[in-house]
Amino acid sequence: MADAARSQITQGALNAIFNDPDRLQRDFPVPVCQCVQVKTLASTTEGQPERYRLVLSDVSNFVQSMLATQANHVVHDGKLKKGCFVRLKSYQANAVKGKKILIILDIEVIESLGEMEKIGEPVALTDKEIEEDVKPANTTIAGDGFYGNKVHQQPAAQDRPLPSRGAPTSSSSHATIYPIEGLSPYAHKWTIKARVSHKSDIRTWHKPNSEGKLFSVNLLDESGEIKATGFNEQCDQFYELFQEGSVYYISNPCRVQLAKKQFSNLPNDYELTFERDTVVEKCEDATEVPQVRYNFTNIGALQEIEKDSTIDIIGVLKDVAEVTQIVSKTTQKPFDKRELTLVDDSGYSVRLTIWGKTATAFDASPEAIVAFKGTKVGDFGGRSLSLLSSGSMAIDPDIPEAHKLKGWYDSQGRMDSFASHSNMAGAGAAGGQKDPLKTVAQVKEEQLGMSLENPDYFSTKSTIVHIKQETFSYPACLSEGCNKKVTDMGDGTWRCEKCDINHPRPEHRYIMQLNVNDHTGQLWLSCFDDVGRLVMGMTADQLMELKENDTAAMETAFEEANCKTFTFKIRAKTDSFQDQQRVRYQVIGANPINFTVEAHKLADLIKLYNID
Ligand SMILES: [Zn+2]
């Protein structure tokens, strides 16, 4: 059995892929390797598919490989496992910073060979040529392979010339069509054929030392998506040419660089910047390039989706509000926004906010079907949605889901009534977070709580450094649900005026002042009994008893509460007190830090800095 498997492996193929393209085409039209390792890479962007890293061996050599997400199904189907044998049907060779990486676009597991221990002692591939000369082996479009067509088991096909892919007559310039996923800073001479799935408005910036403008497009093909940006002259050069939904050939010179993920919601590690000589050509025959890819969540299921996830949604437009303007607290800039209400056959409705030009130019009437790609889930009023700037909207799209909804609405939905995710409707911030996480410095810079009309809500992760010990509790009424302060009558009873009762003893309830710090500053927080218990780890009655009988133990209790870190939910509101106004930060909830969740969050933030 091992011999049978070994004889199937195309020994030498990996070296040929990277170092000897001529031999590759002649001897190894469809390389067969053993997969000696499969590793899951967690998705860096919520809602995006996970990635798989493989190590492939041809007995002589091994090479690191990435599975293109379009090929994830071999893992999901349980076929690709450690030790199994595979045919590489479409792939792209890349050398990144001297490391060789094979991107697998289409792969087939030879199930009859099963799984085995690693055969032989393969060694890492070495450079035969200097790095600059490493040409990606031109196998991208080999076979019928790419844009979603079925690959035939037909080795000879690899020798066919490449263009016949709806390329325009000037096909010579499009000889090598790269999959978007194959692009890297080390790719030479490439052309992609991609649909514009989103085009931004033109944005301008004015800074002391520079000003300018830019726009960006998201480009989509069967292998993936990438963001491309045009600055200044390229903004003028290309802005009008690109239309959402149309397909283009884009060829280098065009810069490929590491993605600034904080400005993008695409999973690609790279992004493009147009250059003066970048060639962009509209493609008329574009049927095989996918339309915007949706992965819809139905409205009823939103309840189970975590806040801040990015999802796609389709629904019947039930209500369209007027455009309103708000001023962003963070940037002080005004924004146009419009709220839509969508319903679907789950029986639920949801509010969705659209922004900027999309909001002002919106002209669909109620009962239209609207599909959104890239909306952010907020928990304001239960669940609500906000269209991301990188998201897109389609009105009455020609897709099966839209036809199905239309049929349902016409036959029945129009008469239905819908449950809302909202339990505090009306307050106008769909998709917004009710209590966004802020640093202490942000709380002060953004003047949270300083408006006289409405309180602001936020969360902050901070550490207790001091608790006021002079007053930490008050004697409260024992009657259920009362909590009023009671008065010591001096005869061994405590009187509640409201309940008109004298109790034999009070119940002490916390009313605490905490000084908390984070790396940006300090705040005084007020908290009530429930948070006090969490902070002190005992009831106020118990702490009172220590105060009266064992001061040393009381001090120890306060010391132990110091340096505890919590995520505090806070309501900030301006109080007037004897003609003086001050902001009061009232804790309305506190959670101890979940270190696992927190570590993942920090890891994601660190990734945004693109540090290698
Ligand atoms: Zn009472």
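For the structure itself, look to the data block above.
A brief report on the enclosed structure follows.

Reading the values: rules and limits
Residues numbered from 1 in each chain as written. Predicted model: local features only at pLDDT ≥ 70, side-chain atom pairs only at ≥ 80, totals over all residues. Heavy atoms only, no water. Helix = DSSP H or I, 4+ residues; strand = E, 2+ residues; numbered from the N terminus. Buried < 20%, exposed > 50% of the residue type's maximum accessible area, 1.4 Å probe, protein only. Contact = heavy atoms within 4.5 Å. Areas by Shrake-Rupley, 256 points an atom, 1.4 Å probe, with all protein chains shown as cover. Phe/Tyr/Trp six-rings, centres within 6.5 Å; stacked < 30°, edge-to-face > 60°. Lys NZ or Arg CZ within 6 Å of the ring centre and 35° of its normal. Pairing = 2+ DSSP bridges. Arc of directions from axis to C-beta. Donors = N, O, S within 2.8 Å, 3.2 Å for Na, K, Ca; no water. Tetrahedral: all angles 85-135°; square planar, octahedral: opposite > 155°, others 65-115°. Axes fitted to C-alpha atoms, helices over the stretch in contact; angles between N-to-C directions. Parallel < 35°, antiparallel > 145°, perpendicular 65-115°, else oblique. Nonpolar A, V, L, I, M, F, W, Y, C, P; charged D, E, K, R; others polar. Polar contact = N/O pair within 3.5 Å; in protein donor to acceptor, adjacent residues only side chain to side chain. Core = buried A, V, L, I, M, F, W, Y, C linked by side-chain atoms within 4.5 Å.

### Focus on the overall build of the chain
Secondary structure summary: the chain contains 12 helices and 32 strands in total. By the burial criterion, 46% of the 612 residues in the chain qualify as buried. Intrachain contacts of the chain at a sequence separation of at least 6 include 64% that bridge at least 24 residues. By element, 49% of the accessible surface of the chain is carried by carbon and sulfur atoms, the whole surface being about 31000 Å².

### Structural notes on the packing of aromatic side chains
Throughout the structure, instances matching the rule amount to 14 aromatic pairs. Ring centres of Phe 242 and Phe 274 lie 5.4 Å apart, and the angle between their planes is 20 degrees; this geometry places the pair in the stacked category. Pair noted here: Phe 242 is in the loop between α5 (232–238) and β12 (247–251) and Phe 274 is in strand β14 (residues 270–274), with a separation of 32 residues, a long-range link. For the pair Phe 242 and Phe 274, one class covers both residues: buried. Within the aromatic cluster, the residues linked to one another by ring pairs are Phe 215, Phe 238, Tyr 239, Phe 242, Tyr 248 and Phe 274. Over the ring of Tyr 239 we find Lys 199, and its NZ or CZ is 4.0 Å from the ring centre. Here the basic side chain of Lys 468 rests over the ring of Trp 524, its NZ or CZ set 5.2 Å away from the ring centre.

### Let's talk about unusual backbone geometry
Here Asn 252 and Pro 253 are connected by a cis peptide whose omega angle stands at 10 degrees. By the element assignment, Pro 253 lies in the loop between β12 and β13 (254–258). Despite not being glycine, Asp 500 shows a phi value in the positive range, around 60 degrees. Structurally, Asp 500 is set in the loop between β26 (494–496) and β27 (501–503).

### Some thoughts on the sheet that holds strand β25 (residues 487–488)
Taken in spatial order, the three strands of this open sheet run β25-β26-β27, and their pairing is antiparallel. Since the sheet does not close on itself, it has two edges, and those belong to β25 and β27, each with one partner.

### Thoughts on helix α9 (residues 529–536)
One full turn of an α-helix is made of 3.6 residues, so residues set three or four places apart face in the same direction. Among the residues of α9, Asp 529, Val 531, Gly 532, Val 535 and Met 536 are the ones counted as buried. Angularly, the buried residues of α9 cover 160 degrees about the axis, an arc narrow enough to put them on a single face. Backbone geometry just after α9 places Gly 537 at a positive phi near 70 degrees.

### Quick look at the coordination of the zinc ion
For the zinc ion, the full set of protein donor atoms is Cys 477 (SG), Cys 482 (SG), Cys 496 (SG) and Cys 499 (SG), and the range of their distances to it is 2.2 to 2.3 Å. One can describe the donor arrangement at the zinc ion as tetrahedral, given that its four donor atoms subtend angles of 105 to 114 degrees at the metal. Donor residues for the zinc ion sit on one chain with the sequence pattern C-x4-C-x13-C-x2-C. Taken as a pair, Cys 482 in the loop between β24 (473–476) and β25 and Cys 499 in the loop between β26 and β27 lie far apart in primary sequence, 17 residues in all. For Cys 482, a relative accessible area of 12% corresponds to the buried category. On the accessibility criterion, Cys 499 (26% relative accessible area) is partly exposed.

### Some remarks on the packing of helix α10 (residues 540–549) against helix α11 (residues 551–561)
At their nearest, the axes of α10 and α11 sit 6 Å apart, and the two run at 135 degrees to each other. Of the possible angle classes, the one that applies to α10 and α11 is oblique. Residues Leu 543, Leu 546, Lys 547 and Asn 549 of α10 form the contact with α11, whose participating residues are Thr 551, Ala 553, Met 554, Ala 557 and Phe 558. The residue inventory of the contact of α10 with α11, partitioned by class, reads six nonpolar, two polar and one charged.

### Considering the environment of Thr 460
Tracing the sequence through the fold places Thr 460 in strand β23 (residues 456–467). By relative accessible area, which is 0% here, Thr 460 ends up buried. Separated by 130 residues in the primary sequence, Thr 460 and Ala 590 have C-alpha atoms spaced 9.6 Å apart. Of the polar contacts made by the side chain of Thr 460, one reaches the backbone oxygen of Lys 438; its length is 2.9 Å.

### Structural notes on the nonpolar core
The nonpolar side chains of a soluble globular protein tend to be buried, and buried together. In terms of nonpolar packing, the biggest core is built from 31 residues, with Ile 467, Met 512, Leu 514, Leu 525, Val 535, Met 536 and Phe 568 touching the most fellow members. Within the second largest apolar cluster, 28 residues are counted, among which are Ala 16, Leu 24, Leu 67 and Leu 102.

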